[in-house]
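A look at the structure
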Amino acid sequence: MISEKEFSRNLSTVKEQIEKACYKYGRSAEDVTLLPVTKNWPVDAVKICEVNGIKRVGENRVQEALQKMESTQGTGYDLIGHLQSNKAKMVVGKFSCIQSVDSFKILDKLAKIANELNVKQPILLQVNAGKDPAKFGVSIEEVPEVLEKALNLSSLRVDGFMTIAPYAPDNNKVARDCFASLCQLRERMSEIYNENFQELSMGMSGDLNEAIAEGSTMIRVGSALFGLR
Ligand SMILES: *Cc1c(COP(=O)(O)O)cnc(C)c1O
């Protein structure tokens, strides 16, 4: 596990990278939220974030996140990993945002449970904007249909979209095209449904510049902050 000192250094580096990219693409750094991804690290990773004034982290496994929630206070958790429908009842009302909503089935489940609990659960639709067969996510073509359904579920609040670019470390264009597709999709959907869909959760350690170039509002960063495992 990383030391506080190393983490602070990495955090400065990542923030600087975000600021530089924002400057380059004519955006305000305030419009890009950094979501540290603490998955696979002990709860101390969340506590180091808290010490550094960060109040929201990303986790990709339900059980691991729930355990961490028990020993932290005041930190919000975003679920960024695929959610199986049999775990839906464990996440509603617990996560600040469920970013990985990727099917009609999971939408229905979440809505039903949120209704029962009388909460309004923020979600993002995960879109397979890079058409990567190895990735979860609603296809671009299916988004209007899924979105329409989601907007009719009063116990859910659709804040925007999330995507993970196909893995192509030697070709920045693959990620950039993927992010551009998601941004265009958001614009089309905003027009059709007259909603903001403000959040575009896209970009990770390796492709955050491309994501900022294409309008990302949330960068999910694991290894650049905590190192590799
Ligand atoms: C692990 C993970 C990240 C962070 O990836 P890094 O490359 O370590 O920054 C971002 N998003 C999702 C969905 C992840 O599972």
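Below, the structure is looked at part by part.

About the cut-offs
Residues numbered from 1 in each chain as written. Predicted model: local features only at pLDDT ≥ 70, side-chain atom pairs only at ≥ 80, totals over all residues. Heavy atoms only, no water. Near = heavy atom within 4 Å. Polar contact = N/O pair within 3.5 Å; in protein donor to acceptor, adjacent residues only side chain to side chain. Areas by Shrake-Rupley, 256 points an atom, 1.4 Å probe, with all protein chains shown as cover. Nonpolar A, V, L, I, M, F, W, Y, C, P; charged D, E, K, R; others polar. Core = buried A, V, L, I, M, F, W, Y, C linked by side-chain atoms within 4.5 Å. Buried < 20%, exposed > 50% of the residue type's maximum accessible area, 1.4 Å probe, protein only. Helix = DSSP H or I, 4+ residues; strand = E, 2+ residues; numbered from the N terminus. Contact = heavy atoms within 4.5 Å. Expected span 1.5 Å × (residues − 1). Arc of directions from axis to C-beta. Disulfide = S-S within 2.5 Å.

Another point: the site of the ligand. Contacts to the ligand come from V37, K39, I80, I164, M204, S205, R220, V221, G222 and S223. Between the ligand and S205 there is a distance of 2.5 Å, counted from an oxygen atom to a side-chain nitrogen or oxygen. Within the side chain of R220, a nitrogen or oxygen atom sits 2.9 Å from a nitrogen atom of the ligand. Coverage of the ligand by the protein amounts to 84% of the 390 Å² it exposes when considered alone. Among the residues making up the shell around the ligand, the classes are represented as 5 nonpolar, 3 polar and 2 charged.

Our next topic: the nonpolar core. Core analysis: the largest hydrophobic core is formed by 68 residues, its most contacted members being L110 and F161. Sorting elements by how many residues they give to this core places helix α7 (residues 172–193) first, with 8 residues. Those residues in contact with L110, other than ones at most four positions away along the chain, are L83, A88, V91, V92, I98, V101 and L156. I80, C97, L124 and M218 belong to the second-largest nonpolar core, a separate cluster that totals 7 residues.

For helix α1 (residues 4–24), built from 21 residues, the straight-helix expectation of 30 Å at 1.5 Å per residue is met to within 8% by its first-to-last C-alpha distance of 30 Å. Every buried residue belonging to α1 is among F7, L11, V14, I18, A21 and C22, and all of these are buried. Considered in projection along α1, the buried side chains sweep an arc of 100 degrees and stay on one side of the axis. Residues of α1 that are exposed and point more than 90 degrees away from the buried face comprise K5, R9, K20, Y23 and K24. Here the buried face of α1 lies against β1 (33–36), α2 (44–51), α8 (208–213), β8 (218–221) and α9 (223–226). Just downstream of α1 lies G26, where phi reads positive at about 65 degrees.

Once that is clear, we can look at the state of the cysteines. Tallied over the full model, the rule gives 0 disulfides. In this model C22 remains outside any disulfide bridge; the closest cysteine sulfur is found in C183, 14 Å from its own. Not engaged in a disulfide, the cysteine C178 finds its nearest cysteine sulfur in C183; these two sulfurs lie 12 Å apart. Note on C178: relative accessible area 2%, which makes it buried.

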